[in-house]
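Letter by letter, the chains look like this.
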Amino acid sequence: MFGTLMERTGIAARGALLVLSYLVMLAAGAFGWVVLFAVAGLAAVVGEFAVTRWSPPSDTLLEKVGLNRGYRQLSRDLATVLLVAATVPLTGVELTWLLLLPAAVWVIAVFAGALNTMIDRRNPVSALVRNIELGPVRSAPRPPEWISNLAGVQLAVLNVLLIPAAVVAAVRAEPAPILAVAALAAGLAALVGVVVALTWLRGRGTGNSPLLPVLQRWLDSYRPEVALYFAGPAKDVYQANMWLAPTEAVDQRAVVLLRSKEAFFELADTRLPVVCVPTGPDFMNLELGTVRAALYAANVGANIHMLREPGMKHVFVGHGDSDKQASVNPYSKVYDEVWVAGLAGRERYARAGVGVRDEDIVEIGRPQLAGVHTFGAEAADRPFTVLYAPTWEGWLDDDPYHTSLVLMGERIVKGLLATSPKVRLIYKPHPLTGSRSKEAKAAHERVVARIRAAGGDTDARSLDGPGHRVVTGRVPALFDCFNQTDLLISDISSVVSDFVQSQRPYVVANPSGLPEDEFRRAFPTSRGAYLLSVDCGELEKVLALTRAGDDPMTDARRDLKTYLLGPAEANPMDRFQEEIGRLCR
C-alpha cells in the first residue's frame, strides 16, 4: 500500500511530507497536544521507513538541503522532551534525567561512530574480488556487522522508543514510563558502544590488511591474457554486462577489472574472475604484465589508469553500435584499435573525421546477438507484441530530439493501448532515462501510469503471460524482450542496430521532424525502418501492415543487417575469438 502511495507523489513532495510530520511533532510537543503528537510521531516513523525503502532519492534531496536523518532524529527527540515537560509535573532530578538519558544515546552514537570509522581504516577496502580464492587474509578485528551498521548517528534510532513512552507519560501525567524507556535506550546504546570500543582496543597495532599483495600473487599465478576493463559507475554497468558472455567464451584466460565498488555489486553474474580496485594509486601499482588485450566498454576518465600500460593492446569495444554522436567519440583515438560490428561502424568514423584511422578499425560483428531469434510470427499464447524501447535524454542540453519519450512517448503508448484488435505492450526505457531531464522523468512516469491503468505489470520480472509489461530492471534483459517482440518502436540507438539481427519490422521515431530522405541519410540504421513523426499519425497504418504480414521493408532490413552487423555467414563469436587470438599471440 505504502509503495503505491509513494509512486503517486513526487520525490520533493515525499520529502516535504516527512519534514512536515516532524514540524507538527515539535509544535504538538511544545503545546502539549498529546493526540496530535502521537499522530505526527507515527507519521514520522512510518514516513522514515517508507522513504528509506521506496524513495531513497527523497532522502538524498533532504540531505542536500541540510535536513539529513541526524537532524530529523534530533528534532524528534526534542519534540518528545518538550511534550513530557509540557504535560508532566517534574522534579529537578526527573527533568535532569529526562534530558541526560536521550543525550547519552547521542553521545554514545557519536563516539561509537568515530571508533567504528577508525576500525574501518584498519581494514581498507583496497580490493573486492569475485570467483577468486585468495585464501586466508589477515585483517584487524571488526565488530559484528549489525553493530558496525548501527554505530554512528543511526544508533540514535533507539530513541524512537521514546515516542510511545512520552505519550503514555503525558496521558498518565507521571514521568516513570518515559524515564524507564529512556534508560533502556541508553543501556542498549551503551552495549553497542562497549562492543565497538573493545574491538577498537583489540585491534590497536595490527596495521593495514595486506589484501593487495595477496591479490597480486593471485594475478601472478593466474596470468590473465585478456582484461575486460570498466571504470564507469554502477548505473552504467550494463555497458560491461553485455561483454561478459563473449569474454567468458574466449580460449584465453580472462579477467574483469572494475574501479567502482557500487559497480562491482551491480555486475551481472559471470564465471569470470572479477577484481575491483577503486583507488587509482592501488590500481596502478598492480602488475598486469601478462595481459595482452584490454577491452574497454566505455569512455571514462579513469581509463587512463589502464591505458598507461605499454605492454598490451588497448581496444575500444563500446556498448553498442548506433548513429548517435557517442558512437564516434574523439576520445576513441587513444586506443590501439576500435572494434565495430560492421561496415556501418567503419564508415561512421570516416564520416565523423574524429581522427580514428581506418586501419585501426576492426569489424567483428556483434557476438552478443547469438541468442536473438529471427522468427517474427505472432505466437499462439500471446497477442501481437510491440516493444517500445526509447533511448535516454543524453548528456547534451542542446539536443531535445535525442529521445522520443518527451515529445512522443505518451502519445505512442496511448495509441498502442487503444489499438483494436489489442496488442501487448512491453515498455523498456533506457537505464539512464530521467537521470538528467525532469521532462524525461515526468514523461516516463506518465507512460508507466498509463500502462498501470491498463492493467499492466509496472515492475515486471518476467515476460510470461499476455499482459502489458514495464521492464526497468536488469531482468528481463533487452534481448529477452526482443525474442517476445513482433514490432519494435525505438529511437536512433544501438537498440535498433541490435534488433535488426531479428529481421523483424521496426519503427524509428523522428521527433525532430526531418524530411524522410534527409533522416534516412543522416541515420543509416533507419534505412530498414518505418518512420514515426511527432503526431504518430503513421502508427495505425504500420501496425496494420506488420500484423497482416504485408511488410514492404523486408528486403531493406535484410540488406541493412549485412551493413550494420556484417555478413550473415560470418559467426561474430568466431570473429571475436579470432581477433582476441591475434592480439594475444
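Note that the structure is a prediction, hence the values are computed from the model and not measured.

The rules behind the values
- Residues numbered from 1 in each chain as written.
- Predicted model: local features only at pLDDT ≥ 70, side-chain atom pairs only at ≥ 80, totals over all residues.
- Heavy atoms only, no water.
- Helix = DSSP H or I, 4+ residues; strand = E, 2+ residues; numbered from the N terminus.
- Buried < 20%, exposed > 50% of the residue type's maximum accessible area, 1.4 Å probe, protein only.
- Contact = heavy atoms within 4.5 Å.
- Areas by Shrake-Rupley, 256 points an atom, 1.4 Å probe, with all protein chains shown as cover.
- Expected span 1.5 Å × (residues − 1).
- Polar contact = N/O pair within 3.5 Å; in protein donor to acceptor, adjacent residues only side chain to side chain.
- 1 Å grid on protein atoms, 1.4 Å probe; cavity = no way out; pocket = protein on both sides within 12 Å on 5 of 7 lines; lining within 4 Å.
- Points joined across faces, edges and corners; volume = space filled by probe spheres on them.
- Nonpolar A, V, L, I, M, F, W, Y, C, P; charged D, E, K, R; others polar.
- Core = buried A, V, L, I, M, F, W, Y, C linked by side-chain atoms within 4.5 Å.
- Salt bridge = Lys/Arg side-chain N within 4 Å of Asp/Glu carboxyl O.
- Patch = residues over 30% accessible without salt bridge, like charges linked within 9 Å, V, L, I, M, F, W, Y side chains within 5 Å.
- Phe/Tyr/Trp six-rings, centres within 6.5 Å; stacked < 30°, edge-to-face > 60°.
- Lys NZ or Arg CZ within 6 Å of the ring centre and 35° of its normal.
- Pairing = 2+ DSSP bridges.
- Axes fitted to C-alpha atoms, helices over the stretch in contact; angles between N-to-C directions.

### Some remarks on the overall build of the protein chain
So, point 1. For the protein chain, the helix and strand inventory stands at 24 helices and 14 strands.
So, point 2. Principal-axis analysis of the C-alpha atoms places the extent of the protein chain at approximately 90 × 60 × 45 Å.
So, point 3. Across the 585 residues of the protein chain, 51% fall into the buried class.
So, point 4. Contacts in the protein chain between residues far apart in sequence, at least 24 positions, make up 70% of those at least 6 positions apart.
So, point 5. Within the structure as shown, the protein chain displays about 26900 Å² of accessible surface, and the carbon and sulfur contribution to it stands at 59%.

### A word on helix α5 (residues 69–87)
So, point 1. The terminal C-alpha atoms of α5, which comprises 19 residues, lie 27 Å apart, in line with the 27 Å expected from a rise of 1.5 Å per residue.
So, point 2. For α5, the full list of buried residues reads G70, R72, Q73, S75, R76, D77, A79, T80, V81, L83 and V84.
So, point 3. Along its buried surface, α5 packs onto α2 (11–31), α3 (34–54), α4 (56–64), α6 (92–122), α8 (162–172) and α9 (176–202).
So, point 4. Sitting at the amino-terminal end of α5 is N68, which places a side-chain oxygen 3.0 Å from the backbone nitrogen of G70.

### Here's the deal with empty space enclosed by the protein
So, point 1. Going through the model one piece at a time under the given rule, you end up with 1 cavity of 30 Å³ or more.
So, point 2. Put simply, the largest cavity is a space of about 50 Å³.
So, point 3. Taken together, the residues of the lining of the largest cavity sort by class into 6 nonpolar, 1 polar and 2 charged.

### Quick word on the nonpolar core
So, point 1. Residues M25, F37, I178 and V196 are the most contacted members of the largest nonpolar core, which totals 42 residues.
So, point 2. Examining the composition of this core, we find that 9 residues originate from one element, α9, more than from any other.
So, point 3. If sequence neighbours within four positions are ignored, F37 has contacts with M25, A28, G29, A79, T80, L83, I163, A166 and V167.
So, point 4. Membership of the second largest hydrophobic core comes to 34 residues, among which are L211, Y229, L257 and M306.

### Observations concerning the pattern of salt bridges
Opposite charge on two side chains permits pairing when their charged atoms draw close.
So, point 1. For the structure shown, the criterion picks out 28 salt bridges.
So, point 2. The salt bridge involving R76 is made with D77; its shortest N-O contact spans 2.9 Å. Per residue, the accessibility class of R76 equals that of D77, and both read buried.

### Overview of a nonpolar patch on the surface
So, point 1. Judged by side-chain polarity, L17, L20 and L23 come together as a nonpolar surface patch covering roughly 300 Å² of accessible area.
So, point 2. Mapping L17 onto the fold places it in helix α2.
So, point 3. Judged by its relative accessible area of 53%, L17 is exposed.

### Quick look at the packing of aromatic side chains
So, point 1. Considering all chains together, one arrives at 15 aromatic pairs under this definition.
So, point 2. Here the aromatic rings of W218 and Y222 are separated by 4.7 Å at their centres, their planes lie at 15°, and the arrangement is stacked. Note that W218 and Y222 are positioned in helix α10 (residues 211–222) at a spacing of 4 residues, about one turn of the helix.
So, point 3. Exposure remark for W218: the relative accessible area of 13% places this residue in the buried category.
So, point 4. R130 extends its terminal NZ or CZ atom over the ring of F264, reaching a point 5.5 Å from the ring centre.
So, point 5. The residue whose ring lies beneath R259 is F283, and the NZ or CZ to ring-centre distance is 4.6 Å.

### Observations regarding the sheet that holds strand β6 (residues 313–316)
So, point 1. An order of β1-β4-β3-β2-β5-β6-β7-β8 is seen for the 8 strands of this open sheet, with the pairing classed as mixed. Both outer strands of the open sheet, β1 (128–130) and β8 (361–363), are each paired with one neighbouring strand and no more. Each neighbouring strand pair of the sheet contributes to a mean axis angle of 25°, computed without reference to strand direction.
So, point 2. With 3 bridges joining them, β1 and strand β4 (residues 274–276) adopt antiparallel strand pairing. From the neighbouring strand, R130 faces β4, where its bridge partner is V274.
So, point 3. Each of β6, β7 (337–340) and β8 touches helix α16 (residues 343–352); the most contacted strand, β8, lies at about 160° to it.

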